[in-house]
2 protein chains.
Amino acid sequence: MKNTEKITDAELEIMKVLWEKKSLTLNELVEELSKEEPKNKSTIKTLLYRLIDKNIVKSVEKNKKENEYKPLISEKKYLKSANETFLDKVYDGNVNNMLLNFVEDKKITKEEIEKLLNIIDE
Amino acid sequence: MKNTEKITDAELEIMKVLWEKKSLTLNELVEELSKEEPKNKSTIKTLLYRLIDKNIVKSVEKNKKENEYKPLISEKKYLKSANETFLDKVYDGNVNNMLLNFVEDKKITKEEIEKLLNIIDE
DNA sequence: ACTTACAGTTTACATCTGTAATCTTTTTTT
DNA sequence: AAAAAAAGATTACAGATGTAAACTGTAAGT
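Computed from a predicted model, the values in this text were never measured in an experiment.

(A) Quick peek at the environment of Leu72(A). Mapped onto the secondary structure, Leu72(A) falls in the loop between β2 (67-71) and α4 (75-91). Residues Leu72(A) and Ser34(A) lie 38 residues apart in sequence; the distance between their C-alpha atoms is 23 Å.

Here you go:
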């Protein structure tokens, strides 16, 4: 699949909610997204339609009045693709270099790395 | 500075070369960028001008005929900003989650993490 | 000095993106 | 049944982006 990479920033905000909630009506979606700052329903509709066009979301009839929207690709899959794209684009695929920079920026601490080691050892 | 984040994908390719070579004429730049696949000079010109507009690159006279182009912001600074943007956008700032996903995708191996620990211990 | 070639600069243009309004079809309400 | 409300679907539009051509001024060759 290539579509995974074509999720834009605004669309991603929609997807995050859909991944978390699995399935939502438009109104539920708008409500979720408006928790922090109010969002325009029309805008969300457009983004949703674009995601449907791209086969990233599907629309299923819930009842006579409303549809439900469900993700067609998994978050894992998206993350894998997003990681790869970022790594290639910014670091030409060099993970070490990326990690070093995160450490330099104090984004990654020693504790986190040790935690990670433990997890890997399973 | 905010401009750092506004470097687009195509512009980034230009910047990578400028960061590495410090200073180049247009022709040198085109030559470098064309090593893998030939690039259109006109396109590179446009990207260069946009970077100049954004105060990310400066143009200095080299001789009567040609100018040299130099980066105005450091690669480190860009990387810091790019890391942050990616982390926030995709993982809502959760570094652990990001690392876990990189590990799952086999992008980060145990060896790399151990190497990293050594580096931090300095 | 005149022409040519090329660096520098400006303009063009299709597609993508964020944002939203409008139109159409159903469902509710009165 | 008629009117109102709302969901679904389409259209709009400005700014960003990738790609490249056109224009302009000057250096270089003859």
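Here the narrative resumes, following the displayed structure.
(B) Region of the structure containing α4(A). The end-to-end C-alpha separation of α4(A) is 23 Å, in line with the 24 Å expected for 17 residues at 1.5 Å each. Each element contacted by the buried residues of α4(A) is listed here: α1 (9-21) and α5 (95-104) of chain A together with α1 (9-21), α4 (75-91) and α5 (95-104) of chain B. Asp92(A) lies just past α4(A) and shows a positive phi near 50°.

(C) Examining the relation of the copies chain B and chain A more closely. Mapping chain B onto chain A leaves a residual RMSD of 0.1 Å; the transformation is a rotation of 180° accompanied by 0.0 Å of translation along its axis. The relationship between the two copies is best expressed as a two-fold rotation axis. Closest approach to the rotation axis among the C-alpha atoms of chain B is made by Ile113(B), whose C-alpha sits 3.4 Å away. The overlap is high: 100% of the interface residues of chain B also sit at the interface in chain A, so the same surface is used on both sides.

(D) Focus on the protein's contact with DNA strand C. Inspection of the region around DNA strand C gives 21 residues, with Thr8(A), Ser42(A), Thr46(A), Tyr49(B) and Asn67(B) positioned closest. The sugar-phosphate share of atoms of DNA strand C within 4 Å of the protein amounts to 57%. The side chain of Thr8(A) places a nitrogen or oxygen atom 2.4 Å from a phosphate oxygen of DNA strand C. Here a phosphate oxygen of DNA strand C sits 2.5 Å away from a polar atom, N or O, in the side chain of Asn27(B).

(E) The packing of aromatic side chains, seen in detail. Inspection of every chain in the model, using the stated rule, returns 5 aromatic pairs over all chains. Taken together, a centroid distance of 6.0 Å and an interplanar angle of 70° make the contact between Phe86(A) and Tyr91(A) edge-to-face. For the residue pair Phe86(A) and Tyr91(A), the accessibility class agrees, reading buried in each case. Taken together, the aromatic side chains of Phe86(A), Tyr91(A), Phe86(B) and Tyr91(B) make up a single cluster linked through ring pairs.

(F) Main features of the protein's contact with DNA strand D. Taken together, 19 residues are adjacent to DNA strand D, and Asn27(A), Tyr49(A), Thr8(B), Ser42(B) and Thr46(B) come closest. Sugar and phosphate atoms represent 58% of those atoms of DNA strand D found within 4 Å of the protein. In this structure, a phosphate oxygen belonging to DNA strand D sits 3.4 Å away from a main-chain N or O atom of Asp9(B). Thr46(B) places a polar side-chain atom, nitrogen or oxygen, 2.2 Å from a base nitrogen of DNA strand D. If you tally residues by element for the surface near DNA strand D, the top one is helix α3 (residues 41-53) of chain B, at 5 residues. Here the surface near DNA strand D is built from residues that sort into 4 nonpolar, 7 polar and 8 charged.

(G) Region of the structure containing the packing of α4(A) against α5(A). Residue and element names in this part refer to chain A. Where α4 contacts α5, the two axes come as close as 10 Å, and the packing angle between them is 85°. Looking at the two axes, α4 sits roughly perpendicular to α5. Counting all contacts with α4, which are made through Phe86, Leu87 and Tyr91, the residues of α5 involved are Val95, Asn97, Met98, Asn101 and Phe102. The residue inventory of the contact of α4 with α5, partitioned by class, reads 6 nonpolar, 2 polar and no charged.

Conventions and cut-offs
- Residues numbered from 1 in each chain as written.
- Chains lettered and ligands numbered in written order.
- Predicted model: local features only at pLDDT ≥ 70, side-chain atom pairs only at ≥ 80, totals over all residues.
- Heavy atoms only, no water.
- Helix = DSSP H or I, 4+ residues; strand = E, 2+ residues; numbered from the N terminus.
- Expected span 1.5 Å × (residues − 1).
- Contact = heavy atoms within 4.5 Å.
- Least-squares fit on C-alpha atoms with pLDDT ≥ 70 in both.
- Near = heavy atom within 4 Å.
- Polar contact = N/O pair within 3.5 Å; in protein donor to acceptor, adjacent residues only side chain to side chain.
- Phe/Tyr/Trp six-rings, centres within 6.5 Å; stacked < 30°, edge-to-face > 60°.
- Buried < 20%, exposed > 50% of the residue type's maximum accessible area, 1.4 Å probe, protein only.
- Nonpolar A, V, L, I, M, F, W, Y, C, P; charged D, E, K, R; others polar.
- Axes fitted to C-alpha atoms, helices over the stretch in contact; angles between N-to-C directions.
- Parallel < 35°, antiparallel > 145°, perpendicular 65-115°, else oblique.

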